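Read off the chains here:
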Amino acid sequence: MDALIVPTPSEELAVAVEARRASIPLAEAAFERAPRAGSGIRVAAAQFAPKLGDVSANVARIDALLAEAARHGAGLVVFPECAATGCDFADRESALGAALVTDGRELETLVERCRAYQVECVVGSLLRTGDRLHNSALLLGPGGIAGRYDKAHLPSRGADRFVDPGDSGFQV
């Protein structure tokens, strides 16, 4: 069951946003967006059950939830750990096969969606860099990848049994 938690907008949905079509269709070509109140930012928490290894289906689901959150005036949408790839892989090879790469089409698609919907998002994914595999959280926005955290403390569950620990430190 999917869930999107967005604080109720205090104003009526008012601003129409026409989203740019890309090679992969947007979840919605045009949508109503709640105005952002004041100088703060509305944060949405999105929850869904990623399909293990089905990156295309997961990216499509992330796209749909981004559009819905943007319609409700969210400026930041936070997705679960491994939302783009799934997590419970049986072995490292399977996890590597599903992992995203920073210059890959899937992340570019999500950046395009952030640009179209004028939102930022935090997306969890297995991420491959050469022969290294990380369980990463990526901050994506209209300008691209704005931040990355590779999980450093790994329990012995799911893909964490096979990923390399992050070594970039804890940036704030």
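Throughout, a residue's number is its position along its own chain's written sequence, starting from 1. It should be noted that, the model being predicted, local features are given only for residues of pLDDT at least 70 and side-chain atom pairs only at 80 or more, the latter also being counted only at that level, while totals for whole chains, interfaces and linings use all residues. To obtain the side-chain values, all non-hydrogen atoms of the structure were included, while hydrogens and water were left out.

S.K.: Sorry if this is basic, but what is going on with the overall build of the protein here?
M.R.: Looking only at helices and strands, the protein has 3 helices and 8 strands in total. Under the scheme used here, helices are H or I runs from DSSP no shorter than 4 residues and strands are E runs no shorter than 2 residues, and both carry numbers assigned from the N terminus. Going residue by residue from the N terminus, the α and β elements of the protein occur as β-β-β-β-α-β-α-α-β-β-β. Whether a residue is buried, partly exposed or exposed follows from its accessible area with a 1.4 Å probe, protein chains only, as a fraction of its type maximum: under 20%, in between, or over 50%, in that order. The buried share of the protein, taken over its 172 residues, is 42%. Contacts are assigned to residue pairs with any non-hydrogen atoms lying within 4.5 Å of each other. Taking the intrachain contacts of the protein between residues at least 6 apart in sequence as the baseline, contacts between residues at least 24 apart amount to 66%. Element-wise, carbon and sulfur atoms account for 54% of the exposed surface of the protein, whose accessible area totals about 8,700 Å². Accessibility throughout is a Shrake-Rupley quantity obtained with a 1.4 Å probe, and a residue counts as covered only by protein chains that appear here.

S.K.: How should unusual backbone geometry be read in this particular structure?
M.R.: Positive phi values are uncommon outside glycine, yet Cys82 reaches one of about 60°. Checked against the element boundaries, Cys82 lands in the loop between strand 5 (76–78) and helix 2 (92–98). Phi angles above zero are rare outside glycine, and Gln118 is one such case at about 55°. Within the secondary structure, Gln118 sits in the loop between helix 3 (105–117) and strand 6 (120–129).

S.K.: Got a minute to help me understand the nonpolar core in this structure?
M.R.: The set of buried Ala, Val, Leu, Ile, Met, Phe, Trp, Tyr and Cys residues whose side-chain atoms join them within 4.5 Å is what this entry labels a nonpolar core. By size, the foremost hydrophobic cluster in this structure holds 29 residues, and its most contacted members are Ile62, Leu66, Val77, Phe79, Cys121, Val123 and Leu140. At the level of secondary structure, the elements contributing two or more residues to this core comprise strand 4 (43–47), helix 1 (55–71), helix 3, strand 6 and strand 7 (132–141). When residues in this core are grouped by element, the largest group, 8 residues, is from helix 1. Cys82, Ala95, Ala98 and Leu133 belong to the second largest nonpolar core, which has 9 residues in total.

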